[in-house]
Amino acid sequence: MVKLIGSVLIFAGGLLARQCRRAECRRRLEALSDLLSSLRRMGEEIRMARTPLPLMLERLASGCGPEAGAFFRAAASAAKQGERLPEAWKQAAEALPLPEADRMAVAALGEDLHGDEETICKAISLVTYQLTKALEESLRRKPEEDKRTAAVCLSGAALLVILLL
């Protein structure tokens, strides 16, 4: 009876590990998607409305998901407190749940958020292009990663159950 309960708990742990991994992947994809759409809106606002940057960052923070919203809020509050925007942007980018290359691309954008409209829009376009490619690649690999995660978690749980019995 104890072995049966242990086996059920091990399988439950394997399923929980799989669900946690899927949730993390979903969180990363949603953050990337939110950040991408917010950066596109940022470029449009710079071109069309010429909104001051701290105000624009606050607006962007209110219109996107939790991770991207926290990123824009942190950058906006640091800019309002008198910090230089590139440093604040880079610090806020390090908290994003993205792969290292994507975080570095977003962090590098902070250096280009000064100067004329054309320079800023080109930098935003470059980063959105990179993030779009990363999102497409992640979406393309997602089914394969889901299968691999399920196989590893459930096979590991089954192996532990066999060893337990």
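Residues numbered from 1 in each chain as written. Predicted model: local features only at pLDDT ≥ 70, side-chain atom pairs only at ≥ 80, totals over all residues. Heavy atoms only, no water.

Asker: Give a detailed account of the overall build of the chain, specifying residues and quantitative values.
Answerer: Assigned secondary structure in the chain consists of 6 helices and 0 strands. Listing the helices and strands of the chain from first to last along the sequence gives α-α-α-α-α-α. Scaling as 2.2 N^0.38, a compact globule of 165 residues should have a C-alpha radius of gyration of about 15 Å, whereas the chain reaches 21 Å, well beyond that. Seen along its three principal axes, the alpha-carbon backbone of the chain occupies a region of about 70 × 30 × 20 Å. Counting the 165 residues in the chain, one finds 39% classified as buried. (Helix = DSSP H or I, 4+ residues; strand = E, 2+ residues; numbered from the N terminus. Rg over C-alpha atoms; globule rule 2.2 N^0.38 Å. Buried < 20%, exposed > 50% of the residue type's maximum accessible area, 1.4 Å probe, protein only.)

Asker: Before we move on, could you go through the environment of Leu60 and cite the residues and values that matter?
Answerer: Among the structural elements, Leu60 can be located in helix 2 (residues 53-62). The class for Leu60 is buried, based on a relative accessible area of 1%. Separated by 21 residues in the primary sequence, Leu60 and Leu39 place their C-alpha atoms 8.5 Å from one another.

Asker: Describe a nonpolar patch on the surface, and please don't skip the residues or the numbers.
Answerer: A cluster of nonpolar side chains, namely Met1, Leu4, Ile5, Val8 and Leu9, defines an oily patch on the protein surface of about 570 Å² accessible area. Structurally, Val8 is set in helix 1 (residues 2-48). (Patch = residues over 30% accessible without salt bridge, like charges linked within 9 Å, V, L, I, M, F, W, Y side chains within 5 Å. Areas by Shrake-Rupley, 256 points an atom, 1.4 Å probe, with all protein chains shown as cover. Salt bridge = Lys/Arg side-chain N within 4 Å of Asp/Glu carboxyl O.)

Asker: So what about the packing of helix 1 against helix 6 (residues 117-164)? Which residues, and what values?
Answerer: At their nearest, the axes of helix 1 and helix 6 sit 9 Å apart, and the two run at 175° to each other. The angle between helix 1 and helix 6 falls in the class roughly antiparallel. Among the residues forming the contact of helix 1 with helix 6, the class breakdown is 28 nonpolar, 10 polar and 11 charged. (Axes fitted to C-alpha atoms, helices over the stretch in contact; angles between N-to-C directions. Parallel < 35°, antiparallel > 145°, perpendicular 65-115°, else oblique. Nonpolar A, V, L, I, M, F, W, Y, C, P; charged D, E, K, R; others polar.)

Asker: So what's going on with helix 4 (residues 85-93)? Residues and values would help.
Answerer: Among the residues making up helix 4, those that are buried are Leu85, Pro86, Ala88, Trp89, Ala92 and Ala93. Buried positions in helix 4, seen along its axis, are confined to an arc of 165° and lie on one side of it. Against helix 1, helix 2, helix 3 (66-80) and helix 5 (100-109) lie the buried residues of helix 4. (Arc of directions from axis to C-beta. Contact = heavy atoms within 4.5 Å.)

Asker: Before we move on, could you go through the environment of Gly43 and cite the residues and values that matter?
Answerer: The topology assignment puts Gly43 in helix 1. In this structure, the C-alpha to C-alpha distance between Gly43 and Ala88, residues 45 residues apart in sequence, is 19 Å. Setting aside anything within four residues of it in sequence, one finds Gly43 in contact with Cys121 and Ile124.

Asker: So what's going on with the nonpolar core? Residues and values would help.
Answerer: If you look at the biggest cluster of nonpolar residues, it comprises 38 residues, and the most contacted ones within it are Leu39, Met42, Leu57, Phe72 and Trp89. Elements supplying a minimum of two residues to this core: helix 1, helix 2, helix 3, helix 4, helix 5 and helix 6. The element best represented in this core is helix 1, accounting for 9 residues. Once you skip the residues sitting within four places of it in the chain, Phe72 turns out to touch Leu35, Ser38, Leu39, Leu57, Leu60, Ala61, Cys64 and Trp89. (Core = buried A, V, L, I, M, F, W, Y, C linked by side-chain atoms within 4.5 Å.)

Asker: Can you tell me about the state of the cysteines, naming the residues and giving the values?
Answerer: A disulfide bridge is the covalent bond that connects two cysteines by way of their sulfur atoms. Applying the stated criterion across every chain yields a total of 0 disulfides. Here Cys64 stays unpaired: no disulfide links it, and the sulfur of Cys121, its closest cysteine neighbor, is 19 Å away. The class of Cys121 is buried, set by a relative accessible area of 7%. (Disulfide = S-S within 2.5 Å.)

Asker: So what's going on with the packing of aromatic side chains? Residues and values would help.
Answerer: Summed over the entire model, instances satisfying the criterion amount to 3 aromatic pairs. Note on Phe71 and Phe72: the rings are 5.0 Å apart at their centroids and 65° apart in plane angle, and the pair reads as edge-to-face. A residue is classified by how much of its surface remains accessible, and Phe72, at 0% relative accessible area, is buried. Among the aromatic side chains, those forming a connected cluster through ring pairs are Phe71, Phe72 and Trp89. (Phe/Tyr/Trp six-rings, centres within 6.5 Å; stacked < 30°, edge-to-face > 60°.)

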